Amino acid sequence: MTTAHPPGTRFNAGFGTGIFRRRLRLISGPGEVRAGLEDTNHAMRLVLRHDGQRVTGIEPVMTRIPMSICAGAAVPLRAFVGLALASYPTRPSAVVDARANCTHLHHLALLAMAHAHRTGTRQYDVEIPDEHPDPVWSSVRCDGVVVHRWRTFDARIVGPDAFAGLSLRDGFGRWVTERFQDDELEAAYVLGNAYVVSFARRFDTEAWAGKQAVGHTRVAGRCFSYQPEVVSRGVYLADVARDTTDADTPLLADFE
């Protein structure tokens, strides 16, 4: 039997009092970009090598992951090798299929490709308070400056008025590419991708530890680990989630 959530699912009794945070850091160097991502539920990074025109190599490291099979996503990530460097694309999945990859490594690789033509370091910080009982202000900062700040609730924007009613799930890519470009578009995708992951705070993910994910239909087919031929081999890992409510949570503290 399949279910919307894994067996043994328990809701997070503290939901409504916390904050999901995600930090991404992009560091450009000669012939390579180092990219790191850490949030409430993940910690990973990669090195993207290039010749100034195209990707010549890509090496991921995943240090905190939700499932035992996530590390296998290093294989489909090789599809980026040979691609031309470009700004964050208007249709990310048209570059390399996000569903065949780890969603987060896919996102990091696209950001690293964009950063290859920049110098120095760029850092994004996303903050999404728990949407309970009321809407909250979700935001993304780039190098400390707020780029987008949307009032959100249940996967929709409810404010400001110019964005009210827009979905943060279905059709997200379409409307952000119609309204933003360049750095604002890149930051919008950073916020949108983090927002989807923030829903994990609604659950006590430790209750899933050791259980198989094959019956978790809510996310079936959406990424590498949830592809039918992969998910049957996977179990959820313990001690994955971190409380990032405190603004001083040391995300990417060892990545410089």
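Further up the page is the structure itself.
Please read all numbers here as calculations on a predicted model, not as lab measurements.

Further remarks concern the side chain of Arg-122. Of note, Arg-122 is situated in strand S5 (residues 121–129). Given the relative accessible area of 11%, Arg-122 is considered buried. There is a polar contact of 3.2 Å between the side chain of Arg-122 and the side chain of Glu-186. Look past the residues within four positions of Arg-122 in its chain and what remains in contact with it is Leu-24, Arg-25, Leu-26, His-115, Cys-142, Asp-143, Asp-183 and Glu-186.

Counting 65 residues, the largest nonpolar core has Leu-46, Trp-150 and Trp-175 as the members making the most contacts within it. In terms of residues, this core owes the most to one element, helix H3 (residues 182–198), which gives nine residues. The contact partners of Trp-175, leaving out residues within four places of it in the chain, are Trp-150, Ile-157, Phe-163, Leu-166, Ser-167 and Phe-180.

Strand order in the open sheet formed by eight strands is S4-S3-S2-S1-S5-S6-S7-S8, with antiparallel pairing between adjacent strands. The sheet terminates laterally at strand S4 (55–64) and strand S8 (156–159), the two strands that pair on one side only. If you compare each strand with its neighbour and ignore which way they point, the axes differ by 20° on average. The pairing of strand S7 (residues 145–153) with S8 spans three bridges and is antiparallel. For Phe-153, the partnering residue across the bridge sits in S8 and is Arg-156. Along the sheet face, helix H1 (residues 103–115) touches strand S1 (19–29), strand S2 (32–39), strand S3 (43–50), S4 and S5 and points at about 40° away from the line of S3.

Before going further, it helps to examine the pattern of salt bridges. Under the counting rule described, the total for this entry stands at 16 salt bridges. For Glu-127, the salt bridge identified is with Arg-21, shortest N-O distance 2.8 Å. Highlighted residues: Glu-127 in strand S5 and Arg-21 in strand S1, separated in sequence by 106 residues. Classification of Glu-127 by relative accessible area gives partly exposed; the value is 24%. The shortest N-O distance in the salt bridge between Glu-131 and Arg-202 comes to 3.1 Å. Pair noted here: Glu-131 is in the loop between S5 and strand S6 (136–142) and Arg-202 is in the loop between H3 and helix H4 (228–231), with a separation of 71 residues, a long-range link. Judged by its relative accessible area of 22%, Arg-202 falls in the partly exposed class. Linked by salt bridges that have partners in common, Arg-118, Arg-122, Asp-183 and Glu-186 make up one network.

Rules and cut-offs
What you see as residue numbers is a count from 1 along each chain, following the sequence as written. Given that this is a predicted model, residues contribute local features only at a pLDDT of at least 70 and side-chain atom pairs are listed and counted only at 80 or more, while totals for whole chains, interfaces and linings are drawn from all residues. By convention in this description, side-chain values take in all heavy atoms of the structure and omit both hydrogens and water. Working definition: helices are DSSP H or I runs of at least four residues, strands are E runs of at least two. Numbering for both runs from the N terminus. Each residue is placed in one exposure class: buried if its accessible area under a 1.4 Å probe, protein chains only, is under 20% of its type's maximum, exposed if it is over 50%, and partly exposed if it falls in between. N or O atoms closer than or at 3.5 Å make up a polar contact, with two conditions inside protein: a donor-capable atom paired with an acceptor-capable one, and, for residues adjacent in sequence, both atoms drawn from side chains. Only heavy atoms enter the contact rule, under which two residues are in contact if any of them lie within 4.5 Å. Buried residues of nine kinds, namely Ala, Val, Leu, Ile, Met, Phe, Trp, Tyr and Cys, make up a nonpolar core once their side-chain atoms join them within 4.5 Å. Here, strands pair whenever DSSP counts at least two bridges between them. Every axis corresponds to a line fitted to the C-alpha atoms, with the helix fit spanning only the stretch in contact, and the corresponding angles, defined between N-to-C directions, vary from 0 to 180 degrees. Put simply, a salt bridge is a Lys or Arg side-chain nitrogen that is within 4 Å of an Asp or Glu carboxyl oxygen.

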